[in-house]
Amino acid sequence: MSETAVVAEEQTMPVGARTMANAIRALSMDAVQRANSGHPGMPMGMADVATVLFKEFLKFDPVHPDWPDRDRFVLSAGHGSMLLYSLLYLTGYRSMDIEQLENFRQFGSKTAGHPEFGHAPGIETTTGPLGQGIANAVGMALAERLLNARHGDDICDHFTYVIAGDGCLMEGISHEAISLAGHLRLAKLILLFDDNQISIDGATDLSVSDDQLKRFEASGWETARIDGHDPEAIGRALEAAKASEKPSLIACRTVIGYGAPTKQGTAATHGAPLGDDEIAAARDELGWDSPQFVVPAPILAAWRAAGTRSRTAHAAWQGRAQKLGAADLARLHDPVDSAARAEIAAAVQAVKIEFSREAPALATRVSSQKVLEKLVPVITSLVGGSADLTGSNGTRTSHHVPVQPGDFSGTYIHYGVREHGMAAAMNGMALHGGIVPYSGTFLVFADYCRPSIRLSALMEQRVIYVMTHDSIGLGEDGPTHQPVEHMASLRSIPNLNVLRPADAVECAECWEIALSSATTPSVLCLSRQSLPLLRHSHTDENLTARGGYVMREAGVTRDVTLIATGSEVSMALEAANTLADEGHNVAVVSMPCWELFEAQPADYREKVLGSAPCVGVEAACGFGWDKWTGSNGAFIGMSSFGASAPASELYEHFGITSSAVADAARALIDSDRE
């Protein structure tokens, strides 16, 4: 059905904000009913707030949806996705036509059950896991300030608006996010709280009695409470928030399912279609007499006028942006262009040569820091940080200056003990454009970051997670801090590169991979303990980019292949030397990244793995290792949690030693010969 077919006959009456908001309500309840699935209550309740925001305040241009200086709008309450889809259709985004709304939640449509980044312009981030959108918005607001400090108001001067519900504020990530935003005084961040006092189970007082305004005030936010159905009050609150020197919370008291006469204000409107009878009654209540998916021409025209409101501002910005030049302008979108990749490659080559020449025995967390010393000066968009573990993670270099409240000229962020908020904020920074974020914590605390890491992968964002203290090799801190199952868990996430380098050279190559992977996030799993340099002869090729490669050749034929990652590669090499002294032909494969190895051609994988029996070696659980060792292979690793003791004692206690590897290899060789 064409748009012309769904626009009723032109009328001449003036169109007010309430009437425009009713278009959102009608489209939302129609789409959810057609899909027989979805959440009509939130879009109907927040329609007035969204109308005032898009009609009078939001700086955007549907014709140029990737305008770097547009305001960002995040729907953290992603279950109310029809609010966003209705707005995109009404304001004139070309890819969001009425057919997309009619196919809400259907396979292949752009209107997924929850907003998904990349499905259509105007969807700034993937939301649905509650609270993530708030933290993404904090990252976007932070990126805006960082770029403003570099380019000035002429190039980067915009707001980030986020709509969040009670559920978003109940999730723990919201506390981390609002605390960080308040601390940094991100004054261009405005959160519109859909304060409808309803959750899925019923009234919110079943589970929460927080005073949200006091909570936000305690974190350094400006706060206000308004009637979310009063357009004038909404406008005044937004004006005040824009003028504040703090981030702002506007608590909008709304009625969920506004306009549905027997269901509004109840949980019945939250997550189910209203039903034909209730929709018919809502149409009468709202004075909306148009058929399903029909928006009267004057109302649609008013919305389309709202969509053109910022075109003059966009044209003026284009004029100012000419001073940047084409390359710098493009880097506002993707800062790692071909020139940047060449600089990264050159820096990595230089440090690889240095490592091969000096042969240092370094913990890979230290190697990583040395690589960053070379990269940070040449990749100015690289913004680092840590969750209060800077010294342990090695994420800060001598070139870094910390970002401070109100001063965004630095390139290093002290996130505090906020792993989840940190990871989600990095997603927001990457989504904003112009920034390549990385930050660190211990690998065991990847569990705190996991929901955000998953979304990095789902949204195909270049986000780099530096996860140190990657095994029992961290020693005395004990099993609470010793990751065992974490690499297996992370490897199960699609579109995520889990990189565990064996020495300083592989570590440098891992950084080149992470920075060059435009659509894949990376987790760098780095050791606390020192590791010997294994690759003494420099190679220009990034061997780690193959995912796995033969580090020690066996000769003409193989009796056994030892496959290891990270700190256990040197152990495998030691075992191989012992076995070779006994007359066995042993190959050693370093496999720093399973995902990259799986992406190699089959003939390459077969050549690397060979046909001889295989022993896998990793100081972690063996889940997934049979993919490489086969059902008849062996695995040397962890089958329990760790313990508190010096690292060397732990490796001995858990049987992860070169002698254990050699024993397993001998058993396979003997079995293969029988």
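Quick note: structure is the one above.
Rules used throughout
- Every residue gets a number counted from 1 within its own chain, in the order that chain's sequence is written.
- Local features in a predicted model are, by the rule used here, given only for residues with pLDDT of at least 70; side-chain atom pairs are given and counted only at 80 or more, and totals for whole chains, interfaces and linings are based on all residues.
- The side-chain figures draw on all heavy atoms in the structure; neither hydrogens nor water molecules are used.
- For two strands to pair, DSSP has to find at least two bridges joining them.
- Each helix is a run of H or I in the DSSP string that is no shorter than four residues. Each strand is a run of E no shorter than two, and both are numbered from the N terminus.
- Whenever a helix is involved, its axis is fitted only over the stretch in contact; in every case the axis is a line through C-alpha atoms, and angles between N-to-C directions fall within 0 to 180 degrees.
- Throughout this description, any angle smaller than 35 degrees is read as roughly parallel, any larger than 145 degrees as roughly antiparallel, any in the 65 to 115 degree range as roughly perpendicular, and the remainder as oblique.
- Handedness of a helix crossing follows the sense of rotation of the near helix relative to the far helix, less than a right angle counterclockwise being left-handed and clockwise being right-handed.
- For this analysis, residues touch if any pair of their heavy atoms sits within 4.5 Å.
- We call Asp, Glu, Lys and Arg charged. Ala, Val, Leu, Ile, Met, Phe, Trp, Tyr, Cys and Pro are nonpolar, and the rest, Gly among them, are polar.
- Exposure categories follow from relative accessible area, calculated using a 1.4 Å probe and restricted to protein chains: below 20% of the type maximum is buried, above 50% is exposed, and the middle band is partly exposed.
- Aromatic rings from Phe, Tyr and Trp, taking only the six-membered ring of Trp, are treated as a pair when their centres fall within 6.5 Å; an angle between ring planes under 30 degrees marks them as stacked, one over 60 as edge-to-face, and anything in between as tilted.
- Salt-bridge detection follows one rule: a side-chain nitrogen of Lys or Arg within 4 Å of a carboxyl oxygen of Asp or Glu.
- As used here, the term nonpolar core means buried Ala, Val, Leu, Ile, Met, Phe, Trp, Tyr and Cys residues forming a set that is joined through side-chain atoms within 4.5 Å.

Trainee: Help me understand the sheet that holds strand 20 (residues 634–638), please; the structure alone is not making it clear to me.
Mentor: Paired through their backbone hydrogen bonds, the strands of a sheet run either parallel or antiparallel. Pairing is mixed across the open sheet formed by 5 strands, whose spatial order is 16-18-17-19-20. Every other strand in the sheet has two partners, leaving strand 16 (549–552) and strand 20 as the edge strands with one partner each. Pairs of neighbouring strands in the sheet enclose a mean axial angle of 25 degrees, with direction left out of account. Looking at chain direction, strand 16 and strand 18 (residues 586–590) are connected through 3 bridges and run antiparallel. For V550, the partnering residue across the bridge sits in strand 18 and is V589.

Trainee: What's the story with the packing of helix 3 (residues 41–57) against helix 10 (residues 231–243) in this structure? I'm lost.
Mentor: Each pair of packed helices can be summarised by the angle the axes make with each other and by the distance between the axes. Running from N to C, helix 3 and helix 10 cross one another at 55 degrees; their axes reach a closest spacing of 9 Å. Relative to helix 10, helix 3 is oriented oblique. Handedness of the crossing formed by helix 3 with helix 10: right-handed. Seen from helix 3, the contacting residues are D48, V49, V52, L53 and F57; seen from helix 10, they are P231, I234, G235, L238, E239 and K242. Across the contact of helix 3 with helix 10, the residue classes break down as 7 nonpolar, 1 polar and 3 charged.

Trainee: Looking at this structure, how should I read the side chain of S290?
Mentor: By the element assignment, S290 lies in the loop between helix 11 (276–286) and strand 9 (295–296). Residue S290 is classed as buried on the basis of its relative accessible area, which comes to 7%. Apart from residues no more than four positions distant in its own chain, S290 is found in contact with R283 and P296.

Trainee: Would you take a moment to explain the packing of aromatic side chains for this structure?
Mentor: The geometry of an aromatic ring pair is captured by the separation of the ring centres together with the interplanar angle, meaning the angle of the planes. Considering all chains together, one arrives at 14 aromatic pairs under this definition. Between the aromatic rings of F60 and Y93, the centroid separation amounts to 6.3 Å while the plane-to-plane angle is 5 degrees, which identifies the pairing as stacked. Of this pair, F60 sits in the loop between helix 3 and strand 2 (72–75) while Y93 sits in the loop between helix 4 (81–91) and helix 5 (98–102), and the two are 33 residues apart along the sequence. Aromatic pair W594 and W625: ring centres 5.2 Å apart, planes at 90 degrees, arrangement edge-to-face. Of the two residues, W594 sits in helix 23 (residues 594–598) while W625 sits in the loop between strand 19 (614–621) and helix 25 (626–629), which places them 31 residues apart along the sequence. Exposure class is identical for W594 and W625. Each is buried. Put simply, the rings of W594, F597, Y604, W625, W628 and F635 touch in pairs and so form one group of aromatic residues.

Trainee: Please clarify how the pattern of salt bridges should be interpreted in this entry.
Mentor: When the charged atoms of two side chains lie near each other, side chains of opposite charge can form a pair. Per the stated rule, a full pass over the model turns up 28 salt bridges. Measuring nitrogen to oxygen at the nearest pair gives 4.0 Å for the salt bridge that ties R236 to E232. With R236 and E232 both in helix 10 and 4 residues apart, the pair spans about one turn of that helix. We note that R236, like E232, is exposed. Note that E568 and R500 form a salt bridge whose closest N and O atoms lie 2.6 Å from each other. In this pair, E568 is assigned in the loop between strand 17 (560–564) and helix 22 (569–581) and R500 in the loop between strand 14 (497–499) and helix 21 (504–516), connecting sequence segments 68 residues apart. Here R500 falls in the buried class, since its relative accessible area comes to 0%. One salt-bridge network, in which partners are shared between bridges, spans E144, R145, D157 and K188.

Trainee: Which parts of the structure should I look at to understand the nonpolar core?
Mentor: Within soluble globular proteins, side chains that are nonpolar tend to cluster in buried spots. Grouped together as the largest cluster of nonpolar side chains are 125 residues, with contacts concentrated most on L238 and W303. By residue number, the principal contributor to this core is helix 6 (residues 132–151), which donates 10 residues. In this structure L238 touches V52, L53, F57, Y161, I190, L192 and I250, once residues within four positions along its chain are discounted.

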